[in-house]
Amino acid sequence: MNPYFYHTINLLGGIALFLYGLTQVTDSFRSVFNTSAREAMSRFTRGKKRAMLFGAILAAVAQGSTVSTSIAIGLVDVGMLTLTGSAVVMMGASIGGTFVTLLISLDIVNLSPLFMAASYAVARLGSGWLEKTGKVLHSISLLLVGMFLLRLGIAPLLSDPSMRSAIIEIASEPFTVFFVALVGTAILQSAASVMALAVAIASSGALPANAIFPVALGAHIGNTFTVLLAASGGRHNARVLGMATLLYKLAGVAAFAPLVPWANAFLDTFHMYMPARIVISQMILVLFNVAIFYPWPHLLIRGSVFVLSHKKTPDLGTPSYLDDELLEIPSLAVKLLSKEMIRLTNYIEAFLQMQLYPEKNGGELKNLLPAAITDLTAACENYADALCPPANDQLALMEYKTVTYAMLSLREVSRITTGPFKEYGAKPAGGGMDDTEWRALRSLFMKILRHAFHAFSLGDGELAQKAIDGGMEFEKTTLMLRSRLLKKGMGDDLRLLDFVTVEERMARAALDMVRGDVNL
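These figures come from a predicted structure and were not determined experimentally.

Moving on, we come to the overall build of the chain. Scanning the chain from terminus to terminus reveals 23 helices and zero strands. In the chain, which comprises 520 residues, the proportion classed as buried is 50%. A separation threshold of at least 6 residues defines the contact pool for the chain, and within that pool the share at least 24 residues apart is 81%. If you sum the accessible surface of the chain, you get close to 23,800 Å²; carbon and sulfur atoms cover 64% of it.

This is the structure we're talking about:
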């Protein structure tokens, strides 16, 4: 049988095993990421330098910038990481991602079978943290074994003069190399795989020096497609970070591309081994990109928000007042958070009106509001967590306590609105309540929420008292209704009772927002 058949099998098997190893690294690393670890990291990444360090270490350990950026997207999605902080984490991740290229360029790849056997033994024989560590190391060993097979297959193939000359001819066109690297990274969803293939070809002497930077540039941009895919299913903040990653790398490549001839001339003076040159070239590109944007990560976020705001469907969940830079001025940041929360209460009130009053059909707006309420709630909660209470200003400290306490209650109102209340739609059909009684209860419920929201907006103690008085009346009404429905115990009655219980939960949460405005 043709010997090239076996070499091709080694090549394809090596790529497959390398990609499988990346998947296993992601899964094993995320299994170590419990809730307490995520919370600790969200606190650690408050500062720019620490956020950069976190992204770099995470990408190095997880064997790829995509993993750490995806985790950052997850933290942003649940409101545990600010957008500006996540942008810095993403920059750090691009630095840490170069560690993968460094690793696969070393001769340690030849020892990968031994490393794989040792890590497997640790994973099987260890327990607790040792077992988890063994699983992470075992998944990394899969990367190295994949690279070992890749080298094993590609070296004999490139010994064929016709194959070697074909690759050299393709590599002589920088734009072609750039395009192949970009498409290959997007398809394989891994810049590390493309760089590993480049290292294998370069080790065989078939990759010219002037093709190395185009490979790095193409892989740098192509790697964003996985991040955009991870962000597309998230909330608004996650989508902002995904778009910011794309803008970051596009701008970096556009700025660096004219400098490639000078960068090549600089590296020529060192006469280094080709795999080492690939590592150094990727590091130069990444550090250049970081140097451009590290002082101004907020520009990336603003640019991303601007791009996303030009979609055909309006993104109502985009914060209008929150500004991460003003977190350093707590007295002002508290006021901005309060204004954003008022905007959120307007969304909730509008959606409740559409739900409870079918004649007030909001059309497409009714379908957009639940997602907008969820996104804006996450943004407000994230901003409230990032706020530092003012130390000396007693008035500002009082405002801080009032707003952050109200945020906890508003979060509960939001969750009920987009959860159980949304599922019901309106009053369940049937049940032991006639239309007149239902309209009276509905009117009382909306009056409570309207007074509570407006009392928070205006800081009006009189409106707060009206909301509380309405809440007491609502409680008496629902108590009598509950007693009557429980005695009957029919299916429709119980569904109605469940719906009323949801309304009671929401009314109590809304009243908690304004109890501090009334001297009881």
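Here methionine 513 is to be found in the segment after helix H23 (491–512). Once the C-alpha coordinates of methionine 513 and alanine 406 are considered, the two residues, 107 residues apart in sequence, prove to be 4.5 Å apart. Discounting chain neighbours no more than four positions away, the residues touching methionine 513 are Thr345, Ala406, Ser409, Leu410, Phe453 and Phe456.

Glancing now at the packing of helix H18 (residues 330–356) against helix H21 (residues 435–458). For the pair H18 and H21, interaxial distance at closest approach is 10 Å and the crossing angle is 170 degrees. Accordingly, the angle class assigned to the pair H18 and H21 is roughly antiparallel. Contacts between H18 and H21 involve Ser338, Met341, Ile342, Thr345, Ile348, Glu349, Leu352, Gln353 and Leu356 from the first element and Trp438, Arg442, Phe445, Met446, Leu449, Arg450, Phe453, His454, Phe456 and Ser457 from the second.

Moving on: the nonpolar core. If you look at the biggest cluster of nonpolar residues, it comprises 64 residues, and the most contacted ones within it are Leu337, Met341 and Phe421. Of the residues forming this core, the biggest block, 12 residues, is contributed by H18. Judged by nonpolar contacts, the second largest core, of 20 residues, contains Leu83, Val89, Val240 and Leu246.

Mapped onto the secondary structure, threonine 404 falls in helix H20 (residues 394–424). Classification of threonine 404 as buried rests on a relative accessible area of 19%. In the structure, threonine 404 is positioned 24 residues away from cysteine 380 in sequence and 9.7 Å away in space, judged by C-alpha atoms. Side-chain polar atoms of threonine 404 contact the backbone oxygen of tyrosine 400, separated by 2.7 Å.

This part takes up the packing of aromatic side chains. Overall, the coordinates contain seven aromatic pairs when judged by the stated rule. Geometrically, the ring pair formed by phenylalanine 266 and phenylalanine 270 is edge-to-face, given 5.1 Å between the ring centres and 75 degrees between the ring planes. The class for phenylalanine 266 is partly exposed, based on a relative accessible area of 47%. Through a chain of ring-to-ring contacts, the aromatic side chains of Phe213, Phe256 and Phe288 assemble into a single cluster.

What follows is about the environment of tyrosine 383. Mapped onto the secondary structure, tyrosine 383 falls in helix H19 (residues 364–386). Sequence separation of tyrosine 383 and leucine 337 is 46 residues, and the distance between their C-alpha atoms is 7.2 Å. Once residues lying within four places of it in the same chain are set aside, the contact partners of tyrosine 383 are Leu322, Asp323, Asp324, Leu326, Leu327, Ala333, Leu336 and Leu337.

This part takes up unusual backbone geometry. Unlike most non-glycine residues, histidine 271 shows phi in positive territory, near 50 degrees. Relative to the elements of secondary structure, histidine 271 occurs in the loop between helix H15 (260–268) and helix H16 (274–293).

Moving on, we come to H19. Across its 23 residues, H19 extends 34 Å between first and last C-alpha, which sits within 8% of the 33 Å expected from 1.5 Å per residue. Of all the bends in H19, the largest measures some 25 degrees and sits at proline 370.

Locating serine 281 in the fold gives a position in helix H16. Look past the residues within four positions of serine 281 in its chain and what remains in contact with it is Ile212, Phe213 and Leu267.

Counted by the stated rule, this structure contains five salt bridges. Notably, a salt bridge pairs arginine 343 with glutamate 340, separated by 2.6 Å at the nearest N-O pair. With arginine 343 and glutamate 340 both in helix H18 and three residues apart, the pair spans about one turn of that helix. On the basis of relative accessible area, glutamate 340 is assigned to the buried category, the value being 0%. In this structure, arginine 411 engages glutamate 381 in a salt bridge whose closest nitrogen and oxygen atoms are separated by 2.6 Å. In this pair, arginine 411 is assigned in helix H20 and glutamate 381 in helix H19, connecting sequence segments 30 residues apart. Judged by relative accessible area, arginine 411 falls into the partly exposed class, the value being 23%.

Our focus in this paragraph is the side chain of serine 414. Within the secondary structure, serine 414 is located in helix H20. With relative accessibility at 3%, the residue serine 414 sits in the buried group. Among residues more than four places away in sequence, those in contact with serine 414 are Ile348, Ile373 and Thr377.

On to the confidence of the model for the chain. Averaged over every residue, the pLDDT of the chain is 76; residues scoring 70 or more account for 70%. Considering each helix and strand of the chain separately, the mean pLDDT is smallest for helix H2 (residues 35–44), with a value of 55, and largest for H15, with 90.

It is worth spelling out a nonpolar patch on the surface at this point. Among the surface-exposed residues, Phe175, Phe179 and Val180 lie close enough to one another that they form a single nonpolar patch of about 350 Å² accessible area. Checked against the element boundaries, phenylalanine 179 lands in helix H10 (residues 174–188).

Next up on the list: H18. One turn of an α-helix holds 3.6 residues; hence residues three or four places apart share an orientation. Look at H18: 38 Å from first C-alpha to last across 27 residues, which is about the 39 Å you get at 1.5 Å a residue. Along H18, 20 of the 27 residues are buried, which leaves the element largely enclosed by surrounding structure.

Viewed as axis vectors pointing N to C, H18 and H19 meet at an angle of 155 degrees, and their least axial separation amounts to 10 Å. Here H18 lies roughly antiparallel to H19, going by the angle between them. Handedness of the crossing formed by H18 with H19: left-handed. Here the contact of H18 with H19 is built from residues that sort into 19 nonpolar, two polar and three charged.

How each quantity is defined
Residues numbered from 1 in each chain as written. Predicted model: local features only at pLDDT ≥ 70, side-chain atom pairs only at ≥ 80, totals over all residues. Heavy atoms only, no water. Helix = DSSP H or I, 4+ residues; strand = E, 2+ residues; numbered from the N terminus. Buried < 20%, exposed > 50% of the residue type's maximum accessible area, 1.4 Å probe, protein only. Contact = heavy atoms within 4.5 Å. Areas by Shrake-Rupley, 256 points an atom, 1.4 Å probe, with all protein chains shown as cover. Axes fitted to C-alpha atoms, helices over the stretch in contact; angles between N-to-C directions. Parallel < 35°, antiparallel > 145°, perpendicular 65-115°, else oblique. Core = buried A, V, L, I, M, F, W, Y, C linked by side-chain atoms within 4.5 Å. Polar contact = N/O pair within 3.5 Å; in protein donor to acceptor, adjacent residues only side chain to side chain. Phe/Tyr/Trp six-rings, centres within 6.5 Å; stacked < 30°, edge-to-face > 60°. Expected span 1.5 Å × (residues − 1). Bend = angle between axes of the 7 residues up to and from the residue. Salt bridge = Lys/Arg side-chain N within 4 Å of Asp/Glu carboxyl O. pLDDT = per-residue confidence, 0-100. Patch = residues over 30% accessible without salt bridge, like charges linked within 9 Å, V, L, I, M, F, W, Y side chains within 5 Å. Left-handed = near helix turned anticlockwise from the far one by under 90°. Nonpolar A, V, L, I, M, F, W, Y, C, P; charged D, E, K, R; others polar.

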